[in-house]
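Descriptive structure summary
Residue strings, one per chain:
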Amino acid sequence: MTRPAVAPSLRFWRFTVAQSGCLLWVGAVNGRGVPVFSVGQQEGKTKFMTAQRYAATLAGRELPEGSVVRTTCGNPLCVRAEHLVVEQRSAAKERS
Ligand SMILES: [Zn+2]
């Protein structure tokens, strides 16, 4: 018997607090101080994403392979979509 879990997209916002124009992550952070969010179970293991990546996904941003999401407001815990930019880790990827 498994209880239906709350959808991650709803659960996400429980870990955020609006402050000074930012939306601060008050959930888990990893050993490097990066906010992380568990998006669910996969093969018996909890799968994590950075909270910023997840916030960008919720905002409808595309996250191509090799992309990184960083904050433009300088607050490493901010997950406000307007303060997030998606960048390529390496700009060397060429398409022709
Ligand atoms: Zn911010």
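One can find the structure itself at the top, above this paragraph.
The paragraphs below set out a description of the structure included in this document. (Residues numbered from 1 in each chain as written. Predicted model: local features only at pLDDT ≥ 70, side-chain atom pairs only at ≥ 80, totals over all residues.)

1. Re unusual backbone geometry
Even without glycine at this site, Ser20 takes up a positive phi of about 50 degrees. Inspection of the secondary structure puts Ser20 in the loop between strand S1 (16-19) and strand S2 (22-25). The exposed category is assigned to Ser20, around which 8 C-beta atoms lie within 10 Å. Phi is positive for Glu43, close to 50 degrees, though the residue is something other than glycine. (Helix = DSSP H or I, 4+ residues; strand = E, 2+ residues; numbered from the N terminus. Buried ≥ 20, exposed ≤ 12 C-beta atoms within 10 Å, placed from the backbone.)

2. With respect to the environment of Gln19
Among the secondary structure elements, Gln19 is positioned in strand S1. By the C-beta count within 10 Å, which is 13 here, Gln19 ends up partly exposed. Each C-alpha atom, one on Gln19 and one on Cys78, is 9.3 Å from the other, the two residues being 59 residues apart in sequence.

3. What to know about the pairing of strand S3 (residues 36-42)
Where S3 and strand S4 (residues 45-50) come together, six bridges link them in antiparallel fashion. By the bridge assignment, Gln41 is partnered in S4 with Thr46. Once S3 ends, the chain turns through two residues before running back antiparallel as S4, passing Glu43 with a positive phi of about 50 degrees. (Pairing = 2+ DSSP bridges.)

4. What about the nonpolar core?
Counting residues in hydrophobic clusters, the biggest one holds 14 residues, and the most contacted among them are Phe37, Ala51, Tyr54, Ala55 and Val79. Top contributing element to this core by residue count: helix H2 (residues 51-58), with four residues. Residues within four places of Phe37 in sequence aside, it is in contact with Phe12, Gly27, Phe48, Met49, Ala51 and Tyr54. (Core = buried A, V, L, I, M, F, W, Y, C linked by C-beta atoms within 7 Å. Contact = placed C-beta atoms within 7 Å.)

5. Quick word on the pairing of S1
The pairing of S1 with S2 spans four bridges and is antiparallel. Its bridge partner being in S2, Ala18 is matched across the sheet by Leu23. Between S1 and the antiparallel strand that follows it, S2, lie two residues; Ser20 among them carries a positive phi value of about 50 degrees.

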